[in-house]
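Structure assessment
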Amino acid sequence: MILTDTHTHLYSEEFENDRTEMIQRAIDAGVSRFFVPSIDSSYTQKMYDLEKQFPSTIFLMMGLHPTYVKENYLEELAHVETELAKRKFYAIGEIGIDLFWDKSFLKQQQHAFQHQIQLAKKYKLAINIHCRDAFDEVFEVLESEKATDLFGIFHCFTGDFEQAKRAINLNMKLGIGGVATFKNGKIDQFLNGIDLKHIVLETDSPYLAPVPFRGKRNESSYTKLVAEKLASIYQLSIEEIALITTENSKQVFGI
């Protein structure tokens, strides 16, 4: 059984004391593919170091996270472009719009999101979307850039059924993680109305740990708990969930 964690911040300071052991726990649980999103330039070297340590299991994205879009965001976008020109990445991410913490950089976030979508098209890469309190704003940009060569993952999808269909119609897979196990998460109520071919698994570790670890540090081994929840929702075996969602991730990332 091969499980794929399509979104995990393995370089996070939260794993400073047990990173290697944590990754090994995930591998022991059947998670052998880790897709690691970028946040900003301060984490780039940590990502490269991780890739060097686990070259056959870790696959990197490059991008500027919306909550890191500040006064210097043009410099950060230049860094993204420099790195993309240097080497191979498997997606542009995580990118998008976040209005939960701060609305004062909305215009800059919109510009950064659109610019990075255009980079994804240039390099023929998937996008990995971060959206928090900003579905309308995210869809507005996606619609403006809609094209057959625009595709990717709506990471940590927390929208409703109509928003799920709208994302899928824009060539996006839905990234499903710990929220699917929450009593108030709501997405578990309609997921069985979404064809499994549109779903990929993720943890977003160290954030959003699934039940029974909700509120604690998340880690990639918990991908298996998300798969178990989906097995229950779709009335399939965990092996079938692993097989289908890993195949879906290959369609997105090309590996």
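Anything mentioned here points back to the structure above.
Anyway, here's the lowdown on the structure attached to this text. Predicted model only: the values in this text are computed from it and were never measured.

Glancing now at the pattern of salt bridges. Going through the model one piece at a time under the given rule, you end up with 12 salt bridges. Across the salt bridge formed by arginine 19 and glutamate 16, the nearest N and O atoms sit 3.8 Å from each other. A residue is classified by how much of its surface remains accessible, and arginine 19, at 16% relative accessible area, is buried. Among the ionic pairs, lysine 165 bridges to glutamate 162, the shortest N-O distance being 3.3 Å. Of this pair, lysine 165 and glutamate 162 are both found in helix α6 (residues 161–169), 3 residues apart, which corresponds to roughly one turn of the helix. Judged by relative accessible area, which is 34%, lysine 165 ranks as partly exposed.

It is worth spelling out the pairing of strand β4 (residues 91–98) at this point. Most of β4 is tucked away, with 8 of its 8 residues classed as buried. Of the strand pairs in this sheet, β4 and strand β5 (residues 126–132) are connected by 7 bridges, and their pairing is parallel. Across the sheet, the residue bridging to isoleucine 92 is isoleucine 127, located in β5.

The geometry of helix α3 (residues 73–86) relative to helix α4 (residues 106–123) is characterised by a closest axis approach of 11 Å and an angle of 10 degrees between their N-to-C directions. The angle between α3 and α4 places the two elements in the roughly parallel class. Each of Tyr73, Leu74, Leu77, Val80, Glu81, Leu84 and Ala85 in α3 lies in contact with α4, whose residues at this interface are Gln108, His111, Ala112, His115, Gln116, Leu119 and Tyr123. Class assignment of the residues belonging to the contact of α3 with α4 gives a composition of 9 nonpolar, 4 polar and 1 charged.

Attention shifts here to the packing of aromatic side chains. Evaluated as defined, the whole model comprises 13 aromatic pairs. Centroid distance phenylalanine 213 to tyrosine 222: 4.4 Å. Interplanar angle 0 degrees. Geometry classified as stacked. A relative accessible area of 13% means that tyrosine 222 is categorised as buried. Joined through ring pairs, the aromatic side chains of Phe35, Phe59, Tyr90 and Phe253 make up one cluster. Its end group placed over the ring of phenylalanine 89, arginine 87 keeps NZ or CZ at 4.6 Å from the ring centre. Here the guanidinium or amino end of arginine 214 rests over the ring plane of phenylalanine 182, the centre of that ring lying 3.7 Å away.

Between α4 and helix α5 (residues 135–144), whose axes approach to 10 Å, the crossing angle comes to 35 degrees. Handedness of the α4/α5 crossing: right-handed. Contacts between α4 and α5 involve Leu106, Gln110, Phe113, Gln114 and Ile117 on the former and, on the latter, Glu137, Val138, Glu140, Val141, Leu142 and Ser144. The class makeup of the residues in the contact of α4 with α5 is 6 nonpolar, 3 polar and 2 charged.

Once that is clear, we can look at the side chain of serine 249. On the secondary structure map, serine 249 appears in helix α8 (residues 238–253). Take serine 249: its relative accessible area is 0%, and that puts it in the buried class. Not counting the four nearest positions on each side in its chain, serine 249 is found in contact with Thr4, Thr6, Arg33, Val200, Gly254 and Ile255.

Moving on, we come to α4. Look at α4: 26 Å from first C-alpha to last across 18 residues, which is about the 26 Å you get at 1.5 Å a residue. Of all the residues in α4, the buried ones are Gln109, Ala112, Phe113, Gln116, Ile117, Leu119, Ala120 and Lys121. Buried residues in α4 make contact with α3, β4, β5 and α5. Looking at the residues trailing α4, positive phi occurs at lysine 124, about 55 degrees.

Take the sheet that holds strand β1 (residues 3–5) next. A sheet is described by the order of its strands in space; here 3 strands give the open sequence β1-β2-β3, paired in parallel fashion. Unpaired on one side and paired on the other, β1 and β3 (58–60) mark the two borders of the sheet. Taken pair by pair, the neighbouring strands of this sheet meet at an average axis angle of 20 degrees, ignoring direction. Sheet analysis places strand β2 (residues 31–36) next to β3, joined by 3 bridges and oriented parallel. Of the residues in β3, the one forming a bridge with phenylalanine 34 is isoleucine 58. Taken strand by strand, helix α1 (residues 19–28) contacts β2 and β3, and its axis lies near 130 degrees from that of β2. Packed onto the sheet, helix α2 (residues 44–53) meets β2 and β3 and runs at close to 150 degrees relative to β3.

Looking down a regular strand, the side chains alternate between one sheet face and the other. The buried count for β2 comes to 5 of 6 residues, which makes it a mostly enclosed element. Strand direction decides the pairing type here: β1 and β2, joined by 3 bridges, are parallel. Residue aspartate 5 lies in a different strand from β2, and its bridge partner there is phenylalanine 34. A crossover links β1 with its parallel partner β2, the connecting element being α1, and its sense is right-handed. For the handedness criterion, the β-α-β arrangement of β2, α2 and β3 is classed as right-handed.

Thresholds applied
- Residues numbered from 1 in each chain as written.
- Predicted model: local features only at pLDDT ≥ 70, side-chain atom pairs only at ≥ 80, totals over all residues.
- Heavy atoms only, no water.
- Salt bridge = Lys/Arg side-chain N within 4 Å of Asp/Glu carboxyl O.
- Buried < 20%, exposed > 50% of the residue type's maximum accessible area, 1.4 Å probe, protein only.
- Helix = DSSP H or I, 4+ residues; strand = E, 2+ residues; numbered from the N terminus.
- Pairing = 2+ DSSP bridges.
- Axes fitted to C-alpha atoms, helices over the stretch in contact; angles between N-to-C directions.
- Parallel < 35°, antiparallel > 145°, perpendicular 65-115°, else oblique.
- Contact = heavy atoms within 4.5 Å.
- Nonpolar A, V, L, I, M, F, W, Y, C, P; charged D, E, K, R; others polar.
- Phe/Tyr/Trp six-rings, centres within 6.5 Å; stacked < 30°, edge-to-face > 60°.
- Lys NZ or Arg CZ within 6 Å of the ring centre and 35° of its normal.
- Left-handed = near helix turned anticlockwise from the far one by under 90°.
- Expected span 1.5 Å × (residues − 1).
- Right-handed = clockwise from strand over helix to strand, strands pointing away.

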